[in-house]
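# Close look at the chain arrangement
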Amino acid sequence: MKIHIASHPLLTHKLTVLRDEKTDSPTFRRLTEEIVTLLAYEAMREVKTIAVTVKTPVAMAQGEQLAKPKPVVVPILRAGLGMLEGMSRLIPTAEIGFLGMVRDEKTLKATTYANRLPEDLTNRQCYILDPMLATGGTLVSAIEFLAAKGATDITAICILAAPEGIAVLEKAFATSKLSLKLVTGALDERLNEKGYIIPGLGDAGDRLYGVV
Ligand code: URA
């Protein structure tokens, strides 16, 4: 699995405000969108394109356009939904699928409760949106779900990641032929006993949707 920890002073600034417990939900949502747009820019470096020729007002120009079939963006409900706007801003033509996953707070295991995805993901570049890579359980299940539909090229975009979650992903797909990539805004220290990322930002879903 390729891991890319995006690093840019502007991103770090936005992440710092996002982490701050004093940041209210409307600001948290707006910053999440902005951060995701920056991460998506990195995540799509290897998006497939085709060579095209266009006519400018003065001459012919060689260029590139996104190849078909279109990439598929998959926010994991609930918190991944808060990342969709930032992603769509960068790639408005992507197809969007949904995956509803919930983790049991005791066992920390993830189960799928809803999905709305193309039946066949063969040859589709898939971009999973999940703000927090904590224990890794949700992301492993989501990747397996997409792979079972034929996806072989999967990038996870996470605002924050914990070393434990990365280790779980690496182990789960150690012998897999999938092309996997993780793009994250920061690698934090660790998980606490409740599976929260430290220092993290708390419960991303609650902070996005004003539950706290
Ligand atoms: N999910 C969250 O929203 N926050 C964490 O710190 C871990 C998982």
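Refer to the structure above for everything that follows.
The structure presented is a predicted model; accordingly, all values stated were derived computationally and were not measured.

## Section: the pattern of salt bridges
Counting across every chain of the model gives 13 salt bridges. Note that Glu34 and Lys14 form a salt bridge whose closest N and O atoms lie 2.6 Å from each other. Highlighted residues: Glu34 in helix 2 (residues 25-43) and Lys14 in helix 1 (residues 9-19), separated in sequence by 20 residues. Judged by relative accessible area, Glu34 falls into the partly exposed class, the value being 22%. Assessed through its relative accessible area of 15%, Lys14 is described here as buried. Ionic contacts of the salt-bridge type, sharing partners, join the residues Lys2, Glu46 and Lys181 into one network.

## As for the site of the ligand
As a structural note, the neighbourhood of the ligand is formed by Arg103, Met132, Ala134, Gly195, Tyr196, Ile197, Gly202, Asp203 and Ala204. Here a nitrogen atom of the ligand sits 2.8 Å away from a polar atom, N or O, in the main chain of Gly202. Here Ala204 contributes a backbone N or O atom positioned 2.7 Å from an oxygen atom of the ligand. Surface burial for the ligand is 89%, taken as the share of its 240 Å² of free accessible area covered by protein chains.

## Here's the deal with the side chain of Thr23
By the secondary structure assignment, Thr23 is in the loop between helix 1 and helix 2. Judged by its relative accessible area of 13%, Thr23 is buried. A distance of 2.5 Å separates a polar side-chain atom of Thr23 from the backbone oxygen of Val17. Sequence-distant contacts of Thr23, defined by excluding residues within four places in its chain, comprise Val17, Phe28, Leu31 and Arg207.

About the criteria used
Sequence order as written defines the numbering, with residues in each chain counted from 1. Only residues with pLDDT of 70 or above have their local features reported here, since the model is predicted, and side-chain atom pairs are shown and tallied only from 80 upward, although totals for entire chains, interfaces and linings are computed over all residues. The basis for the side-chain values is all heavy atoms of the structure; hydrogens and waters are excluded. The working definition used for a salt bridge is a side-chain nitrogen of Lys or Arg within 4 Å of a carboxyl oxygen of Asp or Glu. Every helix listed is a DSSP run of H or I at least four residues long, and every strand listed is a run of E at least two residues long, numbered separately from the N terminus. Throughout, exposure labels follow a simple rule: accessible area from a 1.4 Å probe, protein chains only, divided by the maximum for the residue type, with under 20% read as buried, over 50% as exposed, and the rest as partly exposed. The criterion for a residue being near a molecule or strand is simple. One of its heavy atoms has to lie within 4 Å of it. Whenever a nitrogen or oxygen atom comes within 3.5 Å of another N or O atom, the pair is scored as a polar contact, on the condition that within protein one atom can donate a hydrogen and the other can accept it, and that pairs from neighbouring residues in sequence are kept only if both atoms are in side chains. The accessible surface values rely on the Shrake-Rupley method and a 1.4 Å probe; as for residues, cover is taken only from the protein chains in view. Whether two residues are in contact is decided by their heavy atoms: any pair within 4.5 Å suffices.

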